[in-house]
Amino acid sequence: MTEINDTNQNERLDFVRQIVADDMASGKWDGRVVTRFPPEPNGYLHIGHAKSIRLNFGIAEEFGGKCNLRFDDTNPCKEEQEYVDSIIEDVRWLGGGFGDKPLFGSDYFQQMYDWAVSLIKKGKAYVCDLTAEETRQYRGTLTEPGKDSPCRNRSIEENLDLFERMKAGEFPDGSKTLKAKIDMAHPNINMRDPVMYRILHAEHHRTGDNWCIYPMYDWAHGLEDSVEGITHSICTLEFENHRPLYDWFLDALEIYHPQQIEFARLNLTYTVMSKRKLLQLVKEGYVSGWDDPRMPTVCGLRRRGFSSEAICNFCKVIGVNKFNSTIDFALLEHCLRDHLNKTSPRVMAVLKPLKVVITNYPEGQSEEMDAINNPEDPNAGTRKVPFSKVLYLEEEDFMEEPVKKFFRLAPGREVRLRYAYFITCNEVVKNDRGNIVELRCTYDPETRGGDAPDGRKVKATLHWVSAKHALDAEVRLYDHLFNKENPDEVDEGNTFLDNMNPNSLEVVTNCKIEPFLRGTKALDRWQFERIGYFCTDTDSSVEKLIFNKTVGLKDTWAKIQKQQQK
RNA sequence: UGGGGUAUAGUGUAACGGUAGCACGACUGACUCUGGAUCAGUUAGUUGGGGUUCGAAUCCCUGUACCCCAGCCA
């Protein structure tokens, strides 16, 4: 009996898991559950793939089965080793345990070829001389039936001979194909004698020049599933039309026959998910690369500071269905904050520094204040934060003429410096142009640690960094790559590129960070108190610290400001 | 105009003939040494029209809307 993990009976199963559970109950597959995640190595994985990865690997984990990572590498023209490597890394990162090694569809090329021969022998496949253009014409249209190829009734012997010579390389690219003999008048166009093999004298990233004929998806995919003993072959909705063909090949061959199940792919607001468009963004330099922190790619999200836990939880929360929907990006951010809040150490960082001199603090003196690393996690411990006479505060935490509901620092007003003292602003120093360049404040020594013995309250607590102890850093702030919920919604003659957000990246230099972050390593995650979650960028070094803003903290003040502007 | 799918609050997702629930968002309020977190509350929904039934989101009929398919891509 197979153990079922993690499937809380109270939690309703999605329709895919329901099918699997029913099959387990009926013993349809003898208690086996084998799924697969079958990417084509022609691009980087994105958050949409994460949904599929979590579905397939999740089902395997929950039902005590296994999930194969299998590269569907049947098109040598578009596929590269670089993509294989990145996909393996990303699947592992998302918790995909696929055993010692990934599998490759190309490893089954010989088996597929043998099966093709057997189909020819059954009179169910033939070599066709039609060109690509002619094939299109013979196929008919959505409303009109196609017509039979003149090659359709070649003898089995001739087909066998021709197919072997195709494989041997006797014919140029595109001159011949092997087609399944089904029905040129079938209402489902996929069934109108689909191409099984095309001639491609191209170098394959794994099989080199061993082959010059390559199997088409419809022919190859079911065979790969069959070879691996897949039970549930889960794919996206657009393959629904292909299922009759999937079934036809397996039935014609009379071999092990998995069940194909289709679900809706993920759509997210403010982003594009098509490989073609993501490739275009990279190739045409709209972003710095596949792992640009603004990209919805798995490596982009990772570099941005997303945790795999957050992504996995998101995949769980969004569910699985058969109809197209677009998930609000805010839900992803919610899952992100939810995990980061519990796990990220807090630290103080000032993005836009405003110099503050504590006039009554002794010159040259400094002291160390105790700070809690993570109030959500007692095990995270505490650290010392240096305090001295000259500090940096966040520029936007001061207003010379405070508007209503602004209760941070202002002339004559007292606020708390987190883990330090209460300070009161006495003087605003400006330069020739009238810009504020310095604040002169006094502190109350009695409030050390952040509490007033007389019980007086302040309405704000600000983050700060001691000037002489501060580390300089560059911080990269990100916003959506597109400024429209649906970037593909464009006016006549425009493309999704016209919806790009020109302000999706803001580089802030001369940020001041508390010394605790000296020696931080790439991909370390932090919460900059009162600002947001950040992670150390892969470009960061001891000489030059660089941080990426992962996502901001919820900001009710920003909300109030927005309302006030109206 | 062929075939294949799908419709539940703003968004996403449950309810499997028996009180339409949950999450995100939005909006209140409480609390707070992060205007964070947390907590409490408010908001808002079954694609239209017929039927069957004591009772329908669910079953039947019939409209409507949206998605996918005419690569030698996957």
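Residues numbered from 1 in each chain as written. Chains lettered and ligands numbered in written order. Predicted model: local features only at pLDDT ≥ 70, side-chain atom pairs only at ≥ 80, totals over all residues. Heavy atoms only, no water.

1. Some words on the sheet that holds strand 12 (residues 353-358)
Link 1 in the chain: Taken in spatial order, the 7 strands make up an open sheet running 19-16-17-18-12-15-20, and their pairing is mixed. Looking along the sheet, the strands with just one partner apiece sit at the ends: strand 19 (461-462) and strand 20 (464-466).
Link 2 in the chain: Sheet topology note: the strand 12/strand 15 (residues 390-394) ladder contains 5 bridges and is antiparallel. Bridged to Leu 354 within strand 15 is Leu 393. (Pairing = 2+ DSSP bridges. Helix = DSSP H or I, 4+ residues; strand = E, 2+ residues; numbered from the N terminus.)

2. Topic: the pattern of salt bridges
Link 1 in the chain: Enumeration over the complete set of coordinates arrives at 49 salt bridges.
Link 2 in the chain: We note a salt bridge from Asp 225 to Arg 70, for which the minimum N-O separation is 2.7 Å. Of this pair, Asp 225 sits in helix 7 (residues 217-227) while Arg 70 sits in strand 2 (residues 66-71), and the two are 155 residues apart along the sequence. Like Arg 70, Asp 225 is buried.
Link 3 in the chain: A salt bridge links Glu 254 to Lys 122; the shortest N-O distance between them is 3.0 Å. Of the two residues, Glu 254 sits in the loop between helix 8 (243-253) and strand 9 (259-263) while Lys 122 sits in the loop between helix 4 (109-121) and strand 4 (125-128), which places them 132 residues apart along the sequence.
Link 4 in the chain: A relative accessible area of 65% means that Glu 254 is categorised as exposed.
Link 5 in the chain: When salt bridges with common partners are traced through the structure, they connect Asp 291, Arg 303, Glu 474, Arg 476, Asp 537, Asp 539 and Lys 544 into a single cluster. (Salt bridge = Lys/Arg side-chain N within 4 Å of Asp/Glu carboxyl O. Buried < 20%, exposed > 50% of the residue type's maximum accessible area, 1.4 Å probe, protein only.)

3. Notes on the domain arrangement of chain A
Link 1 in the chain: Domain assignment breaks chain A into domain 1 (103-216) and domain 2 (349-470).
Link 2 in the chain: Taking only C-alpha atoms, the centre of domain 1 and the centre of domain 2 are 74 Å apart. (Domains from an automatic or database assignment.)

4. Structural notes on the state of the cysteines
Each disulfide consists of a covalent bond between the sulfur atoms of two cysteine residues.
Link 1 in the chain: Taken as a whole and judged by the stated rule, the model has 0 disulfides.
Link 2 in the chain: Cys 212 forms no disulfide, and the closest cysteine sulfur to it belongs to Cys 77, at a distance of 12 Å.
Link 3 in the chain: A relative accessible area of 8% means that Cys 212 is categorised as buried.
Link 4 in the chain: Its sulfur unpaired, Cys 315 is 6.2 Å from the next cysteine sulfur, which belongs to Cys 312.
Link 5 in the chain: By relative accessible area, which is 8% here, Cys 315 ends up buried. (Disulfide = S-S within 2.5 Å.)

5. Overview of the side chain of Ser 106
Link 1 in the chain: Among the structural elements, Ser 106 can be located in the loop between strand 3 (103-104) and helix 4.
Link 2 in the chain: A polar atom in the side chain of Ser 106 sits 2.7 Å from the side chain of Asp 73.
Link 3 in the chain: The residues touching Ser 106, leaving out its near neighbours within four places in the chain, are Asp 73, His 204, Arg 206 and Thr 207. (Polar contact = N/O pair within 3.5 Å; in protein donor to acceptor, adjacent residues only side chain to side chain. Contact = heavy atoms within 4.5 Å.)

6. Focus on a positive patch on the surface
Link 1 in the chain: Together, Lys 554, Lys 559, Lys 562 and Lys 566 line one region of the surface with positive charge.
Link 2 in the chain: Mapped onto the elements of the fold, Lys 554 is located in the loop between strand 25 (545-552) and helix 13 (556-565). (Patch = residues over 30% accessible without salt bridge, like charges linked within 9 Å, V, L, I, M, F, W, Y side chains within 5 Å. Areas by Shrake-Rupley, 256 points an atom, 1.4 Å probe, with all protein chains shown as cover. Lys, Arg positive; Asp, Glu negative; His and termini not counted. Charge placed at Lys NZ, Arg CZ, Asp CG, Glu CD.)

7. Focus on the protein's contact with RNA strand B
Link 1 in the chain: Taken together, 67 residues surround RNA strand B, and among them Arg 346, Arg 408, Arg 416, Gly 449 and Gln 527 come closest.
Link 2 in the chain: Here the atoms of RNA strand B within 4 Å of the protein split so that 64% fall in sugar or phosphate, with bases taking the remainder.
Link 3 in the chain: Glu 240 is positioned with one of its side-chain polar atoms (N or O) 3.2 Å from a sugar or linking oxygen of RNA strand B.
Link 4 in the chain: Where the surface near RNA strand B is concerned, the elements lending two or more residues are helix 5 (132-139), strand 6 (195-199), helix 12 (329-343) and helix 13.
Link 5 in the chain: At 5 residues, helix 13 tops the list of elements feeding residues into the surface near RNA strand B.
Link 6 in the chain: For the surface near RNA strand B, the per-class residue count stands at 22 nonpolar, 23 polar and 22 charged. (Near = heavy atom within 4 Å. Nonpolar A, V, L, I, M, F, W, Y, C, P; charged D, E, K, R; others polar.)

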